[in-house]
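Inside the fold
Spelled out, the chains give:
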Number of protein chains: 2
Amino acid sequence: MHPALLKFLSTFDTLDKAEVEAIAMHIPYEEFPKGTVLQAPGQVPNRCYFVLEGLVRQYFVIEGNEKTTAFFTESQGSCPANHFVDRSPSAYYLVCAEDCLLIYGDHNIDQANFERFPVLKEIVSQMVEAELNQTRDEFSKFITSSSEQRYLHFLKTRPDLQNRVPQHQVASLLGLTPESLSRLRKRLVTKG
Amino acid sequence: MHPALLKFLSTFDTLDKAEVEAIAMHIPYEEFPKGTVLQAPGQVPNRCYFVLEGLVRQYFVIEGNEKTTAFFTESQGSCPANHFVDRSPSAYYLVCAEDCLLIYGDHNIDQANFERFPVLKEIVSQMVEAELNQTRDEFSKFITSSSEQRYLHFLKTRPDLQNRVPQHQVASLLGLTPESLSRLRKRLVTKG
């Protein structure tokens, strides 16, 4: 049992110490070195990942250019399970941007664990619901924000990403060109 | 039992006719006239809605201006349950943009129904997961698209909204000013 897994499971109030240890014995995890491609366009993903340690980047390749659309970290938690349900091919890459420790699941593993530990199913349901709420909130905020507001929101809500990801990927995440982000940063420095 | 509710429940392969009728008896629904405010900023929502018929609009008021960020229709399904989990106040309005027939739920109603019909909990879990996947996909697409691509995607994926919502709300949904959308539409007409 990995200490990071025990630590993560201990954050759930609904689990007592014995349950945490019992569940941890049945949850598979793996270390992946930086650069590992977890998912690629055209493949039907059969695994879903959850970040215990490290950083996973989601990106599309559009007209030959990488477009970063999400970062999943240990502080944020879950990786996209897109297409895990409907068995459609992925449209994007998921790569380890750092050395990672990831929980993984698939349909059979998950079902077996949910039968063993009904409380786990409840926890996962609540996590997915919270994730949906958060994603919708972030999407609404993105739609209604200016470039500057988006960048300030990013600095405030993703402090875990500062100094861990290159600025051109941040620009992409905010729907900006690297040049626009660079100008925006200069403007903010002058203002401040 | 409303025919629209029976019809909706009948779309789930995992339910047989007897289950559909039994479940329908326990799911509360209500008609709301156009203009009804279902949720307002500052209120802690205690209900979650699901559209059987009609159209629900989500919008923020930012510096005195309405910013539309989502439309929920009978073809799309679910309304945001934001803040339903963490009991935080809503940041936005949910209003009936047409006369609506809505399923509603709250923590007690849902729990009672999940205990009565465990299959219903499974269905709801899968819907929430599919909704999360779809929202993430739409968000990624929004980040990586130009204004024109966003508008074409909107036309293609939301045919149910054409002629039902004013253009300035569509502009807002796409993160554009009404003037930019108007220019874009003219360009497309000239192109076509």
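Data block above holds the structure.
These numbers come from a predicted model, not from an experiment.

**Examining the pattern of salt bridges**
Tallying each qualifying case throughout the model produces 16 salt bridges over all chains. A salt bridge links A:Arg136 to B:Glu131, with the nearest nitrogen and oxygen atoms 2.8 Å apart. One end of the pair, A:Arg136, is in helix H4 (residues 118-144); the other, B:Glu131, is in helix H4 (residues 118-144), on a second chain. A:Arg136 sits in the buried class, given a relative accessible area of 9%. Looking at B:Glu131, the relative accessible area reads 10%, which means it is buried. A salt bridge links B:Arg57 to B:Glu66, with the shortest nitrogen-to-oxygen separation between them at 2.9 Å. Residues participating in the shared-partner salt-bridge network are A:Glu74, A:Glu98 and A:Arg164.

**Section: the pairing of strand S5 (residues 65-73) of chain A**
Residues and elements named next belong to chain A. Pairing of strand S4 (residues 55-62) with S5, which is carried by eight bridges, proceeds in the antiparallel orientation. Within S5, the residue paired with Val56 across the bridge is Phe72. Between S4 and S5, which pair antiparallel and follow one another directly, the connecting turn spans two residues, one of which, Glu63, has a positive phi of 50°.

**Considering the sheet that holds strand S2 (residues 37-39) of chain A**
Within a sheet, neighbouring strands are paired by backbone hydrogen bonds and run either parallel or antiparallel to one another. Within the open sheet, the four strands sit side by side as S2-S6-S4-S5 (chain A). Their pairing is antiparallel. Of all strands in the sheet, those with a lone pairing partner are S2 and S5 of chain A, marking the two edges. Each strand axis lies, on average, 30° off the axis of its neighbour in the sheet, ignoring direction. Lying over the sheet, H4(B) contacts S4 and S5 of chain A, oriented at roughly 135° with respect to S5(A).

**Some words on the packing of helix H3 (residues 107-116) of chain A against H4(A)**
Residues and elements named next belong to chain A. Closest axis-to-axis distance for the H3/H4 pair is 4 Å, and the angle between their directions is 120°. On the basis of their axis angle, the class for H3 and H4 is oblique. Listed contacts from H4 to Asn113, Phe114, Glu115 and Arg116 of H3 are Pro118, Leu120, Lys121 and Val124. Among the residues forming the contact of H3 with H4, the class breakdown is four nonpolar, one polar and three charged.

**Let's talk about the layout of surface pockets**
Of the voids in this model, the second largest pocket is the one considered here, and its volume is about 760 Å³. Every residue lining the second largest pocket is counted, 36 residues in all, and those nearest its centre are A:Arg150, A:Gly175, B:Ser145, B:Arg150 and B:Gly175. Counting only elements with at least two residues in the lining of the second largest pocket, the list comes to S5, H4, helix H5 (147-157) and helix H6 (167-173) of chain A together with strand S5 (65-73), H4, helix H5 (147-157) and helix H6 (167-173) of chain B.

The rules behind each value
Residues numbered from 1 in each chain as written. Chains lettered and ligands numbered in written order. Predicted model: local features only at pLDDT ≥ 70, side-chain atom pairs only at ≥ 80, totals over all residues. Heavy atoms only, no water. Salt bridge = Lys/Arg side-chain N within 4 Å of Asp/Glu carboxyl O. Helix = DSSP H or I, 4+ residues; strand = E, 2+ residues; numbered from the N terminus. Buried < 20%, exposed > 50% of the residue type's maximum accessible area, 1.4 Å probe, protein only. Pairing = 2+ DSSP bridges. Axes fitted to C-alpha atoms, helices over the stretch in contact; angles between N-to-C directions. Contact = heavy atoms within 4.5 Å. Parallel < 35°, antiparallel > 145°, perpendicular 65-115°, else oblique. Nonpolar A, V, L, I, M, F, W, Y, C, P; charged D, E, K, R; others polar. 1 Å grid on protein atoms, 1.4 Å probe; cavity = no way out; pocket = protein on both sides within 12 Å on 5 of 7 lines; lining within 4 Å. Points joined across faces, edges and corners; volume = space filled by probe spheres on them.

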